[in-house]
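Chain by chain, the residues:
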Amino acid sequence: MSRFGAGGTGVLVGTPRQMADTLLRRRDALGVSYVTVNAQFTDAFAPVVERLAGT
């Protein structure tokens, strides 16, 4: 499957909690600790950042 598909690492989907959980799993499994967010989505992504702060 493409990395941009539903299960790929190029896209996050779901609620802020689901997205935060996905990012935590990716960090644990892949060592990924930095992500890039398109500027037009920064406000929408803010709740995910709040959930991840301090983890």
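Residues numbered from 1 in each chain as written. Predicted model: local features only at pLDDT ≥ 70, side-chain atom pairs only at ≥ 80, totals over all residues. Heavy atoms only, no water.

1. Re the pattern of salt bridges
Taken as a whole, this structure holds one salt bridge when the rule is applied. One salt bridge in this structure joins Asp28 and Arg27, with 3.9 Å as the shortest N-O distance. Overall, Asp28 belongs to the exposed group, its relative accessible area being 62%. (Salt bridge = Lys/Arg side-chain N within 4 Å of Asp/Glu carboxyl O. Buried < 20%, exposed > 50% of the residue type's maximum accessible area, 1.4 Å probe, protein only.)

2. Some remarks on the nonpolar core
Met19, Ala20, Leu23, Phe45, Val48 and Leu52 together form the largest nonpolar core, which totals six residues. Counting only elements with at least two residues in this core, the list comes to helix H1 (16–30) and helix H2 (42–52). (Core = buried A, V, L, I, M, F, W, Y, C linked by side-chain atoms within 4.5 Å. Helix = DSSP H or I, 4+ residues; strand = E, 2+ residues; numbered from the N terminus.)

3. Things to note about a nonpolar patch on the surface
On the surface, Leu30, Val32 and Val35 cluster together into a nonpolar patch covering about 260 Å² of accessible area. Mapped onto the secondary structure, Val35 falls in the loop between H1 and H2. Looking at Val35, the relative accessible area reads 47%, which means it is partly exposed. (Patch = residues over 30% accessible without salt bridge, like charges linked within 9 Å, V, L, I, M, F, W, Y side chains within 5 Å. Areas by Shrake-Rupley, 256 points an atom, 1.4 Å probe, with all protein chains shown as cover.)

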